[in-house]
Amino acid sequence: MTSRVLGPGSTLGMLGGGQLGRMFALAAREKGYRVVVFGDPADSPAGQVSDLSIPAAFDDQDALLQFARQVDVVSYEQENIPVPTVDFLLQHVPVYPGPELLRASQHRLLEKTTLRSIGIPTADFARIRSAAELHDAVAVFGGDAILKTVTLGYDGKGQARVRSTDDLDAVWKRFAVPEAILEKIVDFEFELSIVASRFMDGTCAFYSPVRNDHANHILDLSVSPVEDISNSLRVEAVEIARALLEHFQVVGVLCVELFVTKSGSLVVNEIAPRPHNSGHLTIDACSSSQFEQQFRAICGLPSGDVTMRAPAAMANLLGDHLLNVTAEQWRSVFEMPQVHVHMYGKAEARIGRKMGHITAIAGTAADSARIALAARRLLGGG
Ligand code: AMP
C-alpha cells in the first residue's frame, strides 16, 4: 500500500453523500483537492459541494471500478458502508480507515468484544439469540437493561429498554432479529466523546473531550472544554482513543463515545470510524477541524493544530427547529457575532432529521452553550 503524499490537485473519494461527507468536501476543496462522492446523487449534501457524484449502489462493482480509477484515495463518512465494498476497492485504491475498524463499528457485539479484548471498559453485555437467552440475561443484569440490534442502530433506533417485569417473550418477538445484544444500564453522570486522528507515520492527535447532551436519543448539544472532569479522566479518555487508533492501525479519524459513571470512571459506549457530530465544533474552534484531519491523514500529510482556540458549543438544528422559520429569524441568528451557522443543503425538513448546526464561541464553555441555545431558540420550534 502506498504512503505517498497527496497534495492539492489530487482527487479524494468519499463513500456516502451525507453531511459528514459534505463538511469533508468543503474542507478538502478549500485546500484545492478534488472530491468524488460515491453512493448518492449530485444533490446530496456532499454531492452539492463536490466535483462529481456517482449515485450507484455499494455492490455495483462496475461503478466502484469507475470510481476507483478516478480517485487517488478513499475514505468514508458513515459506518454502514458494506465491508465487501471496501475490500473490493482496496484491490484498486487505498481506503482509510481500513475494513477492520469498519467491521467492528458496524456490529455491536464484535465492537464490545474487541474493546474488552484490549482492556477497554464497556457496559456488561450478553449475546441474545432467543427469548430464553433474553430472560436469563435480564435476570443476571438485575432486571434493568437495554436490548439493541447488533447492526444498523443509530440515534437510539433499534433499541428497547427492558425490565424483568416486561413480557420478554413479546419484546423478543417484536425485535424480529436472529441476534441482538443486551447491555446492562450504565448509571452515568453525563456522556462524553473524544475525536482523535492517526496519521501514516503513526502519530496521533486528540481534540479536547466534548460533553454531549441528547434529546429523544439524538445529539442535542456538545460543549468543550469539559470543566467537570478531572485531569486523570481526561488522560484516560485520550489513552482509550489512542489504544483504539493503534489497535486498528487507523489512518484517519475516529470518535469514541463514553459514559462518565456516577462513580467517576469511563465506560465506552461505541466507536464511530469517522468524524462525529460531537466534533463539529472543531470547524470553528480549532485551527484544523476534524474534517481537515481526515483529509490530512488519508493524504499522508501531518496533523494540523487541534488545540481549541476558545471554548465552544454546538447545537444541532433538526427539522423540528426549522419547520416555520422565516428569513427574519435567520437574520437575527446571523446577527450574533459569536455564532456560526452550518447548513447541510437538505431540501426537506423532517422531524428528527439533522438539517444543520450552530456553533457558538465564547469566553467560557457555559457561555458558549447559553449562546448556542439562545441562537437556536431564535429560529423557533423547540
Ligand atoms: P447508542 O445508539 O448505543 O449510542 O445509544 C443511544 C443512547 O442510549 C446513548 O447515547 C445513551 O444515552 C443511551 N444508552 C445506550 N446504551 C446505554 C447503556 N448501556 N446504559 C445507559 N444508557 C445507554
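Structure first, text after, so check above.
Attention here is on the structure that accompanies the text. (Residues numbered from 1 in each chain as written. Predicted model: local features only at pLDDT ≥ 70, side-chain atom pairs only at ≥ 80, totals over all residues. Heavy atoms only, no water.)

## Remarks on helix α12 (residues 365-378)
Thinking step 1. Between its first and last C-alpha, α12 extends 20 Å over 14 residues, near the 20 Å set by a 1.5 Å rise per residue.
Thinking step 2. Within the span of α12, buried status applies to A365, S368, A369, I371, A372, A375 and R376. Seen from one end, α12 has its buried residues packed into an arc of 170°, which puts them on one side. Residues of α12 that are exposed and angled more than 90 degrees away from the buried face: A366, R370 and R377.
Thinking step 3. Tucked inside the fold, the buried residues of α12 contact β12 (218-224), β15 (312-318), α11 (327-334), β16 (339-343) and β17 (354-361).
Thinking step 4. Within two residues after α12, G380 carries a phi angle of roughly 80°, on the positive side. (Helix = DSSP H or I, 4+ residues; strand = E, 2+ residues; numbered from the N terminus. Expected span 1.5 Å × (residues − 1). Buried < 20%, exposed > 50% of the residue type's maximum accessible area, 1.4 Å probe, protein only. Arc of directions from axis to C-beta. Contact = heavy atoms within 4.5 Å.)

## Re the site of the ligand
Thinking step 1. By nearness alone, 17 residues border the ligand, and K148, Q159, V186, E191 and N269 come closest of all.
Thinking step 2. Between the ligand and the protein, one listed contact pairs an oxygen atom with a side-chain N or O atom of R108 at 3.0 Å.
Thinking step 3. Between the ligand and E183 there is a distance of 3.1 Å, counted from a nitrogen atom to a side-chain nitrogen or oxygen.
Thinking step 4. About the coverage of the ligand: the protein hides 91% of its 470 Å² of free accessible area.
Thinking step 5. The residue makeup of the shell around the ligand, split by class, is six nonpolar, four polar and seven charged.
Thinking step 6. Taken together, domain 2 (124-184) and domain 3 (188-378) each give at least three residues to the shell around the ligand, which thus spans both. (Near = heavy atom within 4 Å. Polar contact = N/O pair within 3.5 Å; in protein donor to acceptor, adjacent residues only side chain to side chain. Areas by Shrake-Rupley, 256 points an atom, 1.4 Å probe, with all protein chains shown as cover. Nonpolar A, V, L, I, M, F, W, Y, C, P; charged D, E, K, R; others polar. Domains from an automatic or database assignment.)

## Some thoughts on the sheet that holds strand β3 (residues 52-54)
Thinking step 1. Read across the sheet, four strands follow the order β3-β2-β1-β4 without closing on themselves; strand pairing throughout is parallel. In the strand order of this sheet, the two ends are held by β3 and β4 (73-76), each with one partner. Strand-to-strand twist of the sheet, defined as the mean angle between neighbouring strand axes without regard to direction, takes the value 25°.
Thinking step 2. In terms of strand pairing, strand β1 (residues 11-15) meets β4 through four bridges, oriented parallel. (Pairing = 2+ DSSP bridges. Axes fitted to C-alpha atoms, helices over the stretch in contact; angles between N-to-C directions.)

## Digging into the layout of surface pockets
Thinking step 1. Roughly 280 Å³ of internal volume is contained in the second largest pocket.
Thinking step 2. As for the second largest pocket, its lining consists of 14 residues, and the residues nearest its centre are M23, L26, A27, E30 and I283.
Thinking step 3. Elements with a contribution of two residues or more to the lining of the second largest pocket: α1 (19-30), α10 (290-298) and β16.
Thinking step 4. With five residues, the top contributor of residues to the lining of the second largest pocket is α1.
Thinking step 5. Residue classes in the lining of the second largest pocket are distributed as seven nonpolar, three polar and four charged.
Thinking step 6. Both of domain 1 (11-95) and domain 3 (188-378) provide at least three residues apiece to the lining of the second largest pocket. (1 Å grid on protein atoms, 1.4 Å probe; cavity = no way out; pocket = protein on both sides within 12 Å on 5 of 7 lines; lining within 4 Å. Points joined across faces, edges and corners; volume = space filled by probe spheres on them.)

## Considering the pairing of strand β5 (residues 125-128)
Thinking step 1. By the alternation rule, side chains of β5 split into A126 and I128, which are all buried, and F125 and R127, of which none is buried.
Thinking step 2. Pairing geometry for β5 and strand β8 (residues 180-184), over four bridges, is antiparallel. Looking at β8, one finds that R127 is bridged to I181.

## Re the environment of I81
Thinking step 1. Its place among the elements puts I81 in the loop between β4 and α3 (83-90).
Thinking step 2. Separated by 22 residues in sequence, I81 and D59 place their C-alpha atoms 9.9 Å apart.
Thinking step 3. Ignoring sequence-local partners within four residues, the contact set of I81 consists of L15, F58, Y76, V86, L102 and Q106.

By themselves, these figures tell us nothing about what the structure is for.
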